[in-house]
Amino acid sequence: MSEHIAFVVNGERREADVEPRRLLVEMLREDLGLTGTHVGCDTSQCGACTVHVDSAAVKSCTMLAVQADGTSITTIEGMAAGEALHPLQTAFWEKHGLQCGFCTPGMIMAAADLLGRTADPTDDEIRHAIQGNICRCTGYQNIVIAIRAAGAAVRAGASLAPGSATAAPATAAPATAAN
Ligand code: FES
Ligand code: FES
């Protein structure tokens, strides 16, 4: 038996029929094709599946799709403005805050939640905010530097809102929304 739900994702109103046991991350990736949200563990450990639900960071493998009824969801695909990167994506690119990029969508969504609460976090606050996000590549230091840089950009006037753009890097865009 399916439940009919309606929600907004990346600014677009959507409806879906979902089984009560279906996870939000499954609906995003498999039903809506939003594969920038990754699945690293399915057990609430890695944070690769982090999205925003009503502006708060949520691990989408911990939430049922039916619980998204009536909410507004933002995924990594909603952060850039077309080809122009969101300030957090620009900071990760410029500060080398990624290597393989698998953790990056979740890291950016967790960081956006943090910077939405404070644009001038300490390094301890940054590390606390991403403690639920596992990166197997970077050693975290450049991620912390990138989030710090994005905070500086926000304090200088950049917007964190989804769809807010900074100038794109001269080279190819990072794989922040890859499968
Ligand atoms: Fe959700 Fe790992 S896939 S926390
Ligand atoms: Fe590879 Fe973080 S950049 S897992």
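Read on for a plain summary of the structure. (Residues numbered from 1 in each chain as written. Chains lettered and ligands numbered in written order. Predicted model: local features only at pLDDT ≥ 70, side-chain atom pairs only at ≥ 80, totals over all residues. Heavy atoms only, no water.)

Describing the sheet that holds strand β3 (residues 50-53)
(1) Moving on: Within the open sheet, the 5 strands sit side by side as β2-β1-β5-β3-β4. Their pairing is mixed. The strands lining the two open edges of the sheet, one partner per strand, are β2 (12-18) and β4 (56-59). Neighbour to neighbour, the strand axes of the sheet diverge by 40° on average, direction disregarded.
(2) Moving on: Note: strand β1 (residues 3-9) against β2, 7 bridges, orientation antiparallel. Bridged to His4 within β2 is Asp17.
(3) Moving on: Along the sheet, helix α3 (residues 104-117) makes contact with β3, β4 and β5 (72-74), crossing β3 at roughly 40°. (Pairing = 2+ DSSP bridges. Helix = DSSP H or I, 4+ residues; strand = E, 2+ residues; numbered from the N terminus. Axes fitted to C-alpha atoms, helices over the stretch in contact; angles between N-to-C directions. Contact = heavy atoms within 4.5 Å.)

Concerning helix α2 (residues 87-94)
(1) Moving on: In terms of residue burial, α2 counts as a mostly covered element, since 6 of its 8 residues are buried.
(2) Moving on: Looking at α2, one finds that the buried residues are Pro87, Leu88, Gln89, Thr90, Ala91 and Phe92.
(3) Moving on: Buried positions along α2 lie against α3 and α5 (141-155). (Buried < 20%, exposed > 50% of the residue type's maximum accessible area, 1.4 Å probe, protein only.)

Some details on the nonpolar core
(1) Moving on: Judged by nonpolar contacts, the single largest core of 25 residues is most densely connected at Leu88, Phe92, Met107, Ile143 and Ile147.
(2) Moving on: For this core, the secondary structure elements donating two or more residues are α2, α3 and α5.
(3) Moving on: With 8 residues, α3 is the single largest residue contributor to this core.
(4) Moving on: When neighbours within four sequence positions are excluded, Ile147 is seen to be in contact with Phe92, Ala111, Leu114, Leu115, Ile126 and Ile130.
(5) Moving on: Grouped together as the second largest cluster of nonpolar side chains are 16 residues, Val18, Leu24, Leu28 and Leu32 included. (Core = buried A, V, L, I, M, F, W, Y, C linked by side-chain atoms within 4.5 Å.)

Brief notes about helix α1 (residues 24-31)
Each α-helix turn comprises 3.6 residues. Residues three or four places apart therefore point the same way.
(1) Moving on: Restricting attention to buried positions, one finds in α1 the residues Leu24, Val25, Met27 and Leu28. Mapping the buried residues of α1 onto a view down its axis gives an arc of 165°, with all of them on the same face.
(2) Moving on: Where α1 is buried, its residues touch β1, β2, β3 and β5.
(3) Moving on: Positive backbone phi, at 75°, marks Gly33, one or two positions downstream of α1. (Arc of directions from axis to C-beta.)

Examining unusual backbone geometry
(1) Moving on: A positive phi is found at Asp42, a non-glycine position, where the angle reads about 75°.
(2) Moving on: With respect to the helices and strands, Asp42 occurs in the loop between α1 and β3.

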